[in-house]
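# Descriptive analysis of the structure
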Amino acid sequence: QVQLVESGGGLVQAGGSLRLSCVASGNIGSIDVMGWYRQLPGKQHELVATITSSGSTNYADSVEGRFTISRDYTRTTLYLQMHDLRPEDTAVYYCNAVSGYETYWGQGTQVTVSS
């Protein structure tokens, strides 16, 4: 079992920055890929960014150049540094971890960008 706890969400003006964190605990030794997803109002979850155990990263086109995903492999902590935030980034952001065939999710943290 893996537990994921996100933090760092909040209200920010357009053009501002936020840093999201996700701390993993439990049976963390076999975690491979970690990532961030978000759910916009009335829509399904969409992938924001992922990072593999080897450090390879992928970003959605809508956030590339503005967001940076990183991972502390010793403490198994995931980060999402967000710059130049836009109102269309407003969503609930979820931390995700894959361990073999099992997928784990955090509870989500709300990010609201005002204009």
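In this report, we go over the structure that sits alongside the text. What you are looking at is a predicted structure, and each value in this text was computed from that prediction instead of being measured.

Next up on the list: the state of the cysteines. Tallied over the entire structure, the rule returns one disulfide. A sulfur-sulfur distance of 2.0 Å marks the disulfide that ties Cys 22 to Cys 95. The S-S bond linking Cys 22 to Cys 95 shows a torsion near -80°; that makes this disulfide left-handed. Placement of Cys 22 in strand β3 (residues 18-26) and of Cys 95 in strand β9 (residues 91-99) is noted, with a sequence separation of 73 residues between them.

Moving on, we get to the sheet that holds strand β1 (residues 2-7). Across the sheet, which stays open at both edges, the four strands sit in the order β1-β3-β8-β7 with antiparallel pairing between neighbours. The open sheet has two edge strands with one neighbour each: β1 and β7 (67-72). Strand-to-strand, the axes of this sheet are offset by a mean angle of 15°, without reference to chain direction. Inspection of the sheet shows β3 paired to strand β8 (residues 77-82) by six bridges, in the antiparallel sense. Bridging from a neighbouring strand, Leu 18 pairs with Met 82 of β8.

Further remarks concern the side chain of Arg 71. Relative to the helices and strands, Arg 71 resides in strand β7. Although Arg 71 is buried, it forms no salt bridge, and the closest oppositely charged side chain is Asp 32 at an N-O distance of 5.6 Å. Among the polar contacts listed, one links the side chain of Arg 71 to the backbone oxygen of Asp 32, at a separation of 2.5 Å. Filtering out sequence-adjacent residues up to four positions away, Arg 71 remains in contact with Ile 31, Asp 32, Val 33, Met 34, Ile 51, Thr 52, Ser 53, Thr 77 and Leu 78.

Rules used throughout
Residues numbered from 1 in each chain as written. Predicted model: local features only at pLDDT ≥ 70, side-chain atom pairs only at ≥ 80, totals over all residues. Heavy atoms only, no water. Disulfide = S-S within 2.5 Å. Helix = DSSP H or I, 4+ residues; strand = E, 2+ residues; numbered from the N terminus. Pairing = 2+ DSSP bridges. Axes fitted to C-alpha atoms, helices over the stretch in contact; angles between N-to-C directions. Buried < 20%, exposed > 50% of the residue type's maximum accessible area, 1.4 Å probe, protein only. Lys, Arg positive; Asp, Glu negative; His and termini not counted. Salt bridge = Lys/Arg side-chain N within 4 Å of Asp/Glu carboxyl O. Polar contact = N/O pair within 3.5 Å; in protein donor to acceptor, adjacent residues only side chain to side chain. Contact = heavy atoms within 4.5 Å.

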